[in-house]
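Commentary on secondary and tertiary structure
The primary structure of each chain is shown beneath.
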Amino acid sequence: RIFFFPKRDLPPNLSQNTVNRFGHNLKNITKGGRRTTMHDNLQDLLSKLLRQVGITHDGGRFGRTRRCASTFSAEVNRGQPLPRNDDQGSQWLRGIIPDLIIHGTGLSEPRHRDPSGLTLPDEVTLVDFKTLGVESRAHHQASSQSRVNARQHVVTDEYTNHAKRLDQKYNGTPVGTRGPTEAKLREFNEGHVCAPTVGPAGEVSSHMEMLLDHIAGEAAYTHCGHYDVNIKEAHNLHLQRVRRKVCHNVHRGWAVVLEQSLQAHGPIFYASPAGTPQEDAEAEEQMDFDAHIFEHGVDGGDFTGHNSDPSRS
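These numbers were taken from a predicted model, which means no experiment stands behind them. Counting from 1, residues in each chain are numbered in the order their sequence is written. The model is predicted, so local features are restricted to residues of pLDDT at least 70 and side-chain atom pairs to those at 80 or more, both for listing and for counting; the totals for chains, interfaces and linings are taken over all residues. Excluded from the side-chain calculations are hydrogens and water; all other atoms, namely the structure's heavy atoms, are used.

This part is about the packing of aromatic side chains. Stacked, edge-to-face and tilted are the three classes for Phe, Tyr and Trp ring pairs, Trp counted by its six-membered ring, which pair at centre distances within 6.5 Å; planes under 30 degrees apart are stacked, over 60 edge-to-face, the rest tilted. Throughout the structure, instances matching the rule amount to one aromatic pair. For the ring pair Phe72 and Phe188, a centre distance of 6.2 Å and an interplane angle of 65° mean the geometry is edge-to-face. Residue Phe72 is found in the loop between strand E3 (57–58) and helix H2 (87–94), and its partner Phe188 is found in the loop between helix H5 (180–185) and strand E7 (197–198); the two are separated by 116 residues along the sequence. To sort residues, take the accessible area from a 1.4 Å probe on protein chains only and compare it with the maximum for the residue type: under 20% means buried, over 50% means exposed, and anything in between is partly exposed. The exposure class of Phe72 is buried, given its relative accessible area of 2%. A helix here means a DSSP run of H or I that spans at least four residues, while a strand means a run of E at least two residues long, and both kinds are numbered starting from the N terminus.

Joining through side-chain atoms within 4.5 Å is the link that ties buried Ala, Val, Leu, Ile, Met, Phe, Trp, Tyr and Cys residues into a set, and such a set is a nonpolar core. Among the nonpolar cores identified, the biggest contains 31 residues, and Leu42, Leu46, Met208, Leu212, Ile215 and Val246 are the most heavily contacted of them. For this core, the element with the most residues is helix H6 (residues 206–224), which contributes seven residues. Counting residues in hydrophobic clusters, the runner-up holds 17 residues, among them Val76, Leu82, Ala163 and Val193.

Glycine aside, negative phi is the norm for most residues, and most peptide bonds take the trans geometry. In this structure, Arg78 takes a positive phi of about 55° despite not being glycine. Within the secondary structure layout, Arg78 lies in the loop between E3 and H2. A positive phi angle, near 60°, is found at Asp122, a position not held by glycine. Inspection of the secondary structure assignment puts Asp122 in the loop between strand E4 (100–103) and strand E5 (124–127).

Of note, Gln168 is situated in helix H4 (residues 155–170). Should any heavy atoms of two residues lie within 4.5 Å, those residues are considered in contact. Dropping the residues within four chain positions of it, Gln168 is found in contact with Thr173 and Val175.

Now for the pairing of E4. For two strands to be treated as a pair, DSSP must find at least two bridges joining them. Note: E3 against E4, two bridges, orientation antiparallel. Paired with His57 across the strands is Ile102, a residue of E4. For E4 and E5, the ladder comprises four bridges, and the chain directions are antiparallel. Bridging from a neighbouring strand, Ile101 pairs with Leu126 of E5.

This next bit is on the packing of H2 against H4. Geometry is summarised by axes, namely lines fitted to C-alpha atoms with helices restricted to the contacting stretch, and by angles between N-to-C directions that run from 0 to 180 degrees. Taken N-terminus to C-terminus, the directions of H2 and H4 make an angle of 140°; their axes are 9 Å apart at the nearest point. Taken together, the axes of H2 and H4 are oblique relative to one another. Regarding H2 and H4, the two cross each other, and that crossing is left-handed. Residue-level contacts link Gln88, Gly89, Trp92 and Leu93 of H2 to His162, Arg165, Leu166, Lys169 and Tyr170 of H4. Comment on the angle field: the value is read as roughly parallel under 35 degrees, roughly antiparallel over 145, roughly perpendicular from 65 to 115, and oblique elsewhere. Each crossing gets its hand from how the near helix is turned against the far one by less than a right angle, where anticlockwise is left-handed and clockwise is right-handed.

With that settled, the discussion passes to the side chain of His238. A relative accessible area of 12% means that His238 is categorised as buried. Among residues more than four places away in sequence, those in contact with His238 are Ala216, Ala219, Ala220 and His223.

Right, let's talk about the pattern of salt bridges for a bit. Within this document, salt bridges are pairs made up of a side-chain nitrogen of Lys or Arg and a carboxyl oxygen of Asp or Glu, the two lying within 4 Å of each other. This model, assessed by the stated rule, comprises six salt bridges. Of the charged contacts in the structure, one is a salt bridge between Arg151 and Glu158, with a shortest N-O distance of 3.3 Å. The exposure class assigned to Arg151 is partly exposed, which follows from its relative accessible area of 24%. Residue classification places Glu158 among the partly exposed positions, given a relative accessible area of 28%. Here Lys184 makes a salt bridge to Glu187, at a shortest N to O gap of 3.7 Å. Assessed through its relative accessible area of 57%, Glu187 is described here as exposed.

Everything listed is a geometric property; what it means functionally is a separate question.
Here's what the structure looks like:
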């Protein structure tokens, strides 16, 4: 059984596992690999959706290869394994191992250009999925949608910085000079990384929206080859389907994280939220609204999803 106690009643001999009124802190617990399992399930779902519509990719359960771990093996440390017990170097190397590599040859342009400027058609692009838990001090200060996009936008810089550090430490590359690892990184869409990010309420970043738009577009062309239907209608149909699949996957994933975290960490104690009760409630309402919009669209608009605008369909 799971017990919730006010923090003032915390026995002195128990660890202080605390949550806010919504239990959100549990979503940030990474012990035991629960977030990793959620991440991998999301990765495999996108791999399956890409495979179903014929978009070539590496990594994931349905990619041409299951892993992308060797992407930079020949460039780092001149192709030799990193020294044992070099935790820092291993961390940098793990930081540039993508989840998927999408080969965009033959992809059509998406209906709406991504705000970040990233494009996939005719490019080979690294994809790195991110799961964003609740930030207790900030979740009442910014919309959930802005947080997933903010997390998404720093991933390219993270990859670049990791590559530079690896070159400087293991390849002897002088500061300010592009080394072999960074040069290899820039072979993939000029170094721009696609970083689909999901938040705790099922909200997704613009890169995830772009991926789903490409998947729906490819499915729509196949659909119209068998049925007499308008391409825009077919696109909207398949976009709604893939969004629903991703949304359900994310919600199930967070539910498992919460349940297993509760079971693994014993008694859970309530701690007052960082903001006022009104701010905390408003933030929760906004996250629920974002998740609803992602799955169901806006007031029956022709183009459904975040920032829906029927006039842009």
